[in-house]
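Spelled out, the chains give:
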Amino acid sequence: MNYEEMLRRELTLITPADEGAMARAAVYQGTLAKPPGSLGELENIYIRLCGITGTLAPGYTPCRIIVLCADNGVVEEGVSVTPRSVTAAQAVNMTRHCTGMSAMAHHFGDQVQVVDVGIADEYHCPEIVNRKIRPGTRNLAREPAMTRQETAQAIWTGMELARRAKAEGVAVLGVGEMGIGNTTTSSAVLAALTGLPVEAVTGRGGGMTDAGFLRKKQVITRALALHRPDKNDALDVLSKVGGLDLAAMCGVFLGAGRYGLPAVIDGFISVVAALCAYRLCPAVGDYLFASHLSREVGYTAAIEELGLAPWLHLGMRLGEGSGCPIAFRVLEAACAAARGMATFEGAAIDDSYLNEIRGKDCF
């Protein structure tokens, strides 16, 4: 199969959110018994959800976190203090609800779908969905991480996971990852897409000594000089300096747009994948929601490229999709307030006292 051709066809079917539904939702917000705009971002979230779903009663449950798992050959360069074997071990642990993300998701009743798109080490866990494309990427410091076909296949795989979620009645997606070395690939991709200096988009990931951190930045710099990825071609960037996990996550975000699902961005790796999706199809931006401010230095640059702002400032830097279960509750609160609150008419309140201040900056 020519995955790139298939992907290009699907991208043409992604449309922006329904502006008419958003306009109706904004009018409806104005009838609710509260000072105009007093619920702040919750009102905007509700309006955006209405635009995605085309209804004034958008669904917000069930929620599913799709975790894309893959290894990265660049770990051979000593860019991570964590051994490669942790990718497989934590993927298995996620199915047992005993990682940070999966413990929270299990508590709240959210679904967690762990997907192997490129785990290198062997494991036994039937609960992990096997979509392995190859056992980890090649070492991007020496050769392109993937072929263009492998990259397109990974993106297609992510889109198919979103399609399946929609068919199974999922209302909201979260996008997480597990892959040792993927802060290195994400920093390389972000630097390539934006033209920003490597130092401006590269952090210490799960923790590194000063010497290790310097080596990480040097590896990314050399890889970019070696491969010269085309910033105007996200497929080229991903294939040369990205990862299977990043590409598949990009596909889930694209699939969210294709099948009309809100998609929650987690932290740094997730936001870089979302930016790749946006570069491939800008209409996808209408379907994205930013959960929390990651402490990774490159996160801010990526989220600003998307024109989004994170809701939560909790000092989080775990990854996995750990911001998603918390963000799902924010989405739920936005819908609960909009759908449960009385209108001025229903509350028997004459709202004419607001006439002078409606539509003005009086608060």
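Summarised in this report is the structure supplied together with it. (Residues numbered from 1 in each chain as written. Predicted model: local features only at pLDDT ≥ 70, side-chain atom pairs only at ≥ 80, totals over all residues. Heavy atoms only, no water.)

Structural notes on the overall build of the protein
When its secondary structure is counted, the protein shows 14 helices and six strands. Its C-alpha atoms give the protein a radius of gyration of 21 Å, within 12% of the compact-globule value 21 Å for 363 residues. Here the protein holds 363 residues, and the buried ones make up 55% of them. Here the protein contributes 33 positively and 38 negatively charged side chains, and the mean placements of these two sets differ by 4 Å. (Helix = DSSP H or I, 4+ residues; strand = E, 2+ residues; numbered from the N terminus. Rg over C-alpha atoms; globule rule 2.2 N^0.38 Å. Buried < 20%, exposed > 50% of the residue type's maximum accessible area, 1.4 Å probe, protein only. Lys, Arg positive; Asp, Glu negative; His and termini not counted. Charge placed at Lys NZ, Arg CZ, Asp CG, Glu CD.)

With respect to the pairing of strand β2 (residues 111-118)
Counting buried residues in β2 gives six out of eight residues, a clear majority hidden from the surface. Strand direction decides the pairing type here: strand β1 (residues 63-70) and β2, joined by seven bridges, are parallel. Note that in β2 the partner of Arg64 across the bridge is Gln111. Where β2 meets strand β3 (residues 129-130), two bridges bridge the pair, whose relative direction is parallel. Its bridge partner lying in β3, Asp116 is registered against Asn130. (Pairing = 2+ DSSP bridges.)

Considerations on the sheet that holds β2
Taking strand neighbours across the sheet as the criterion, the six strands line up as β3-β2-β1-β4-β5-β6 in an open arrangement whose pairing is parallel. Every interior strand has two partners, whereas the edge strands, β3 and β6 (288-290), have only one. Across seven bridges, the pairing between β1 and strand β4 (residues 172-178) is parallel. The partner of Ile66 across the bridge, within β4, is Val175.

Structural notes on the state of the cysteines
Scanning the entire structure with this criterion turns up zero disulfides. Just so you know, Cys63 is unpaired, no disulfide at all, and the nearest cysteine sulfur is the one on Cys324, 9.6 Å from it. Here Cys281 stays free of any disulfide, with the sulfur of Cys250 as its closest cysteine sulfur at 10 Å. We classify Cys281 as buried; its relative accessible area is 8%. (Disulfide = S-S within 2.5 Å.)

Regarding the packing of helix α12 (residues 268-280) against helix α13 (residues 299-306)
For the pair α12 and α13, the least separation of the axes is 9 Å and the interaxial angle reads 30 degrees. It follows that α12 is roughly parallel to α13 by the angle criterion. In the packing of α12 onto α13, the handedness of the crossing is left-handed. Counted together, Phe268, Val271, Ala274, Leu275, Tyr278 and Arg279 of α12 and Tyr299, Ala302, Ile303, Glu305 and Leu306 of α13 form the full contact between these two elements. Class assignment for the residues of the contact of α12 with α13 results in nine nonpolar, no polar and two charged. (Axes fitted to C-alpha atoms, helices over the stretch in contact; angles between N-to-C directions. Parallel < 35°, antiparallel > 145°, perpendicular 65-115°, else oblique. Left-handed = near helix turned anticlockwise from the far one by under 90°. Contact = heavy atoms within 4.5 Å. Nonpolar A, V, L, I, M, F, W, Y, C, P; charged D, E, K, R; others polar.)

Details of unusual backbone geometry
Cis rather than trans, the peptide bond between Thr61 and Pro62 has omega equal to 0 degrees. Tracing the sequence through the fold places Pro62 in the loop between α3 (41-53) and β1. If you check the backbone angles, Ala348 has positive phi at about 55 degrees while not being a glycine. Its location among the elements puts Ala348 in the segment after α14 (324-340). Looking at Ala348, the relative accessible area reads 71%, which means it is exposed.

Thoughts on helix α1 (residues 3-11)
Among the residues of α1, Tyr3, Glu4, Met6, Leu7, Glu10 and Leu11 are the ones counted as buried. Here the buried residues of α1 occupy an arc of 160 degrees about the axis, which is enough to place them on one side. The N-capping residue of α1, defined by a side-chain oxygen 3.2 Å from the backbone nitrogen of Glu4, is Asn2. (Arc of directions from axis to C-beta. Polar contact = N/O pair within 3.5 Å; in protein donor to acceptor, adjacent residues only side chain to side chain.)

Considering the side chain of Ser187
Counting through the fold element by element, Ser187 comes out in helix α7 (residues 182-194). On the basis of relative accessible area, Ser187 is assigned to the buried category, the value being 0%. There is a polar contact of 2.9 Å between the side chain of Ser187 and the backbone oxygen of Thr183. With residues up to four places along the chain from it excluded, the contact list for Ser187 reads Val201, Thr202, Gly203, Ile220 and Phe268.

Brief notes about the packing of helix α2 (residues 19-31) against α3
Running from N to C, α2 and α3 cross one another at 145 degrees; their axes reach a closest spacing of 7 Å. Read as a crossing pair, α2 and α3 show a hand that is right-handed. Residues Ala21, Met22, Ala25, Ala26, Tyr28 and Gln29 of α2 touch α3, and the partners they reach there are Glu43, Tyr46, Ile47, Arg48, Cys50 and Gly51. Of the residues assigned to the contact of α2 with α3, the class counts are eight nonpolar, two polar and two charged.

With respect to the pattern of salt bridges
Opposite charge on two side chains permits them to pair, given that their charged atoms come into close proximity. Per the stated rule, a full pass over the model turns up 18 salt bridges. For Arg258, the salt bridge identified is with Glu10, shortest N-O distance 2.8 Å. Of the two residues, Arg258 is situated in helix α11 (residues 244-259) and Glu10 in helix α1; the sequence distance between them amounts to 248 residues. Since its relative accessible area comes to 24%, Arg258 is described here as partly exposed. For Arg204, the salt bridge identified is with Asp210, shortest N-O distance 2.8 Å. Look at Arg204 and you get partly exposed, because its relative accessible area is 33%. Counted as one network, the salt bridges with shared partners bring together Glu4, Arg8, Arg148 and Asp233. (Salt bridge = Lys/Arg side-chain N within 4 Å of Asp/Glu carboxyl O.)

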